[in-house]
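Below are the chains, spelled out letter by letter.
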Amino acid sequence: MWQQIELALRQSAQSVLVKLARFLPGLLALLLAVIVLTAIGAGVATLLRRILTAAKFDERLARNATGPLSDWSPANSPTALIARVAFWACVLIGCFIGISAFDAAYPGDSQISNFIIPYLTHSIGAVLLLIAGTVIARFLERSVLIGAVNAKLQYARFLSLGIKWLVLVLTAAMVLDHLQIGGTVVELAFGILFGGIVLTLALAVGLGSRDIVSRSLERSADHRSPLDPIHADPDFKSPTPQETLRHF
Amino acid sequence: MASTQTNVDLASTPAVGTSGLLVSLVPLPQEAFEATLSNLALAFPGESVFVATPDTAPQSSSGSPLRLVPYTLTTVSATPWVLNAADYLNAYKLAQENHATACVLLGGESQSLHPEAIRALAKSALQSDLTLAHYELGPREGLVNSAILYPVTRALFSTRPRFPLAIDVGLSLRMAGRLAITAQRSIAAGQDDGFLWPLNEAASANCSIAEVNVGARTLPQPVAPDLNALLAQIAGSLFADVDARAAFWQRARGTQPAQPISQATPIAEPPPDIASMLDAFRLAYTNLHEIWALVLPPNSLLGLKKLSVMQPESFRMPDNLWARIVYDFILAFRLRTINRGHLLGALTPLYLAWVASHLTLTSKGTPPEKHIQDVAVAFETDKPYLVSRWRWPDRFNP
């Protein structure tokens, strides 16, 4: 009996080693493809950066007032943005080639690339969604904060944080949905969370800060219309209208 | 070394013929248009002067020596209260078509200009490349000009005119051509209502600049006076112009002689209500501190912190603090440290703090013009700070 157990163990170990031996070349091909394409990407990025710097690409773009590209660029340099995009594009191509090489090198009918590559493209889309959502959330947070402060709203920071988290929650839900993670659970959770945030904001603004809102409205109304004097009361001093400031 | 001579032309000049002069008017209400035509007839009695206008001439003007040149507006301006790129381009084209050697552009509410003022502008336009009007404003008028536009243009471009954002301007044909090129560039970029800065353009091109005292004038006001949007628009335009002419103003040297300050006793006015401005500043300090920290160095932030705890009756923003704040915002505008719209929005509470400080100071007896001149001197004194930070933004960060 012990001999049979020993034989079975030896056979299973041999089977694992054989599978590992079949797997390693594919893995090596994958790593090689990724490393080579990463090196190529680094070279392309360096070359692009040098060419664009020599051509004064940033200055030409700034002169033509292409605000959005410069606003979204890292360190406000479109050259750096283009170089990074080129580098990461090469890395992604390396990943695709590596997976195809792994699939070709791995014997058998499993066709791993048939389900990994589509999921990899979904993952890239999800990463881009996450980046875009984070950038938009930060932009909107700042816009709302500055606008609310200039409108003299006391709850400016609360409003800006609410907007930021609304956008972030929406982004997270879209990313998870794109990756096909969670399914209905994520949809329900998002709906509850999003609705909760909106309801909280509405309650805070409508009920919790009604005194502040009414004071803001009263102040706005006072600026627009001076009070009519009550002539009958001799002790009443009609309020002098605010001295008009002309900023322009 | 670039430098610009400016002539403060407040004395009457010898009579100069006004043939070859074009006066360009903006769209005006019918009554104002008729009043302006009457003033022009008084300003140029018996002289043949071209008057370009988009309005329909009244019947009674048919016998006037003024030669009306109608023009059609291609777009309706969103900022009719100030001259924009389309106005300058249009005036140059009309001047060329009518063989004018100089042109005078009159902005909104031009019926409030005295005929003598119009004549003085015209005479100066025939002698100098650029003539700007000097207005007599009340102590609480033109505050953006006093806080930002005048000190910045005086310090960076070494020019004296008090009102760089022209409402009424006289141009030689050469100067009009230069401004038309700039206007075309602005219109090509889709900014028909873009502001031009003729004073900066003239200083950069070493053109002659003159200033004419036109006395009291009703300044046209924006239709929807939203301070945030207008300040962002005007300050953004000035900052962009400063950015574009960096090669000039970094070389320009020299300070301007002091402007004559009226010795008349200031009219006693009730103390201004600055409470709302101080509230806005304190609210902004609490909420925008992180954004200001991206733009302003620690010294300026410390100055703002001290301001935020000052009592209203002693609220005083030091002139050099305000100068450095404006310079840091100009630098951040250039470097795009944060989104430009956000940057200009964050400037509004700081401007209101300056206004509150200015009003507090003037209510205690300081002549407003003296304070404004002191602010301009502070901008001139701190110009090396801007030049250093402009050239080495990473290395020089006090």
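1. Quick look at the overall build of chain A
Secondary structure assignment for chain A yields eight helices and zero strands. Starting at the N terminus and ending at the C terminus, chain A contains elements arranged as α-α-α-α-α-α-α-α. Taken over 248 residues, chain A has a buried fraction of 14%.

2. Some details on the overall build of chain B
Along chain B, the regular secondary structure elements total 14 helices and eight strands. Here chain B holds 398 residues, and 47% of them are scored as buried. Within chain B, contacts between residues separated by at least 24 positions form 82% of all contacts whose residues are at least 6 apart in sequence.

3. Quick look at the pairing of strand S3 (residues 50-53) of chain B
Residue and element names in this part refer to chain B. Along S3, one buried face is formed by Phe50 and Ala52 and the opposite face, lined by Val51 and Thr53, is buried too. Inspection of the sheet shows strand S2 (residues 21-25) paired to S3 by three bridges, in the parallel sense. For Leu22, the partnering residue across the bridge sits in S3 and is Phe50. Sheet topology places S3 next to strand S4 (residues 67-70); four bridges connect them, and they run parallel. By the bridge assignment for S4, Phe50 is matched with Arg67.

4. Quick word on the domain arrangement of chain B
Residues and elements named next belong to chain B. Its domain assignment divides chain B into domain 1 (6-249) and domain 2 (275-391). Placing the centre of domain 1 and that of domain 2 at their C-alpha centroids yields a distance of 30 Å. On the domain 2 side, the residues contacting the 21 residues of domain 1 number 22 residues. Sorting the residues of the side of domain 1 that touches domain 2 by element identifies helix H4 (143-157) and helix H7 (227-244) as the ones contributing at least two each. Of the residues forming the side of domain 1 that touches domain 2, the biggest block, 10 residues, is contributed by H4. Within the side of domain 1 that touches domain 2, the residues separate by chemical class into 16 nonpolar, three polar and two charged.

5. Topic: the nonpolar core
With 132 residues, the main nonpolar core has Val23(B), Tyr88(B), Cys103(B) and Leu121(B) as its most contacted residues. For this core, the leading source of residues is helix H12 (residues 340-363) of chain B, giving 12 residues. Beyond its immediate sequence surroundings of up to four residues, Tyr88(B) is in contact with Leu83(B), Leu179(B), Ala180(B), Ala183(B) and Leu196(B). Ranked by size, the runner-up nonpolar core spans 13 residues in total, among them Ala29(A), Ala33(A), Phe87(A) and Ala101(A).

6. Considerations on unusual backbone geometry
Residues and elements named next belong to chain B. Of note in this structure, His99 is not a glycine but carries a positive phi near 55°. Within the element layout of this structure, His99 appears in the loop between helix H2 (85-97) and strand S5 (102-106). The residue Glu109 is not glycine, and still its phi comes out positive at about 55°. Summarising the element assignment, Glu109 is placed in the loop between S5 and helix H3 (115-127). Here Glu109 falls in the partly exposed class, since 19 other C-beta atoms lie within 10 Å of it.

7. Some remarks on the domain arrangement of chain A
All names here are of chain A. Taken domain by domain, chain A consists of domain 1 (21-66 + 73-110) and domain 2 (115-223). Counting from both sides, the interface comprises four residues of domain 1 and, opposite them, four residues of domain 2. Of the residues belonging to the side of domain 1 that touches domain 2, the class tally is four nonpolar, no polar and no charged.

8. Quick look at the pairing of strand S7 (residues 168-172) of chain B
In summary, the side chains of a regular strand alternate between the two faces of the sheet. Residues and elements named next belong to chain B. S7 sits mainly inside the fold: five of its five residues count as buried. Of the two faces of S7, both are covered, the one formed by Asp168, Gly170 and Ser172 as well as the one formed by Val169 and Leu171. Of the strand pairs in this sheet, S5 and S7 are connected by five bridges, and their pairing is antiparallel. If you follow Ala102 over to S7, its bridge partner there is Ser172. Two strands pair when backbone bridges link them, and strand S6 (residues 130-135) and S7 are joined in this way by three bridges, in the antiparallel orientation. Looking at S7, one finds that Thr131 is bridged to Gly170.

9. Section: the packing of H7(B) against H12(B)
All names here are of chain B. Two numbers describe how H7 lies on H12: the axes approach to 9 Å, and their chain directions differ by 115°. Taken together, the axes of H7 and H12 are roughly perpendicular relative to one another. Relative to H12, the crossing made by H7 is right-handed. Of H12, the residues touching H7 (which contributes Leu227, Asn228, Leu231, Ala232, Ala235 and Gly236) are Arg340, Gly341, Leu344, Gly345, Leu347, Thr348 and Tyr351. Classifying every residue of the contact of H7 with H12 by side-chain character gives seven nonpolar, five polar and one charged.

10. A closer look at the confidence of the model for chain A
Residue and element names in this part refer to chain A. When the pLDDT values of chain A are averaged, the result is 80; 80% of them are 70 or greater. When pLDDT is averaged over each helix and strand of chain A, the minimum, 54, is found for helix H3 (residues 67-72) and the maximum, 91, for helix H6 (residues 156-178). Below pLDDT 50 for its whole length, residues 225-242 participates in seven contacts with residues either more than four positions away or in separate chains.

11. Some points on the packing of helix H9 (residues 275-295) of chain B against H12(B)
The geometry of a pair of packed helices is captured by two quantities: the angle between their axes and the separation between those axes. All names here are of chain B. H12 packs onto H9 with a crossing angle of 140° between their chain directions and a minimal axis gap of 9 Å. Relative to H12, the element H9 lies oblique. The crossing of H9 and H12 is left-handed. Residues Met277, Leu278, Ala280, Phe281, Ala284, Leu288, Ile291, Trp292 and Val295 of H9 form the contact with H12, whose participating residues are His342, Leu343, Ala346, Pro349, Leu352, Ala353, Val355 and Ala356. Per-class residue counts for the contact of H9 with H12 are 16 nonpolar, one polar and no charged.

12. Concerning the environment of Arg246(A)
In this structure, Arg246(A) sits in the segment after helix H8 (210-224). Aside from chain neighbours lying at most four places away, what touches Arg246(A) is Arg140(B), Glu141(B), Gly142(B) and Leu143(B).

13. Remarks on the confidence of the model for chain B
Residues and elements named next belong to chain B. Per-residue confidence for chain B gives a mean pLDDT of 85, with 86% of residues at or over 70. In this model, residues 1-16 is a region of pLDDT below 50 whose contacts with residues beyond four sequence positions or in other chains number 32 contacts. This complex was scored by the predictor with a pTM of 0.80 and an ipTM of 0.83.

14. Some remarks on the interface of chain B and chain A
Across the boundary between the two partners, chain B contributes 31 residues, which contact 24 residues of chain A. Breaking the side of chain B that touches chain A down by element, the ones donating at least two residues are H4, H7, H9 and H12 of chain B. In terms of residues, the side of chain B that touches chain A owes the most to one element, H9(B), which gives seven residues. Of the residues assigned to the side of chain B that touches chain A, the class counts are 16 nonpolar, eight polar and seven charged.

15. With respect to H7(B)
Residue and element names in this part refer to chain B. Between its first and last C-alpha atoms H7 spans 25 Å; for 18 residues at 1.5 Å apiece the expected length is 26 Å, and the two agree. All of the buried residues along H7 are Leu231, Ala232, Ile234, Ala235, Leu238, Phe239, Asp241 and Val242. For H7, the elements touching its buried residues are H4, helix H6 (198-204), helix H8 (246-249), helix H11 (319-335) and H12.

The rules behind these values
- Residues numbered from 1 in each chain as written.
- Chains lettered and ligands numbered in written order.
- Predicted model: local features only at pLDDT ≥ 70, side-chain atom pairs only at ≥ 80, totals over all residues.
- Helix = DSSP H or I, 4+ residues; strand = E, 2+ residues; numbered from the N terminus.
- Buried ≥ 20, exposed ≤ 12 C-beta atoms within 10 Å, placed from the backbone.
- Contact = placed C-beta atoms within 7 Å.
- Pairing = 2+ DSSP bridges.
- Domains from an automatic or database assignment.
- Nonpolar A, V, L, I, M, F, W, Y, C, P; charged D, E, K, R; others polar.
- Core = buried A, V, L, I, M, F, W, Y, C linked by C-beta atoms within 7 Å.
- Axes fitted to C-alpha atoms, helices over the stretch in contact; angles between N-to-C directions.
- Parallel < 35°, antiparallel > 145°, perpendicular 65-115°, else oblique.
- Left-handed = near helix turned anticlockwise from the far one by under 90°.
- pLDDT = per-residue confidence, 0-100.
- Expected span 1.5 Å × (residues − 1).

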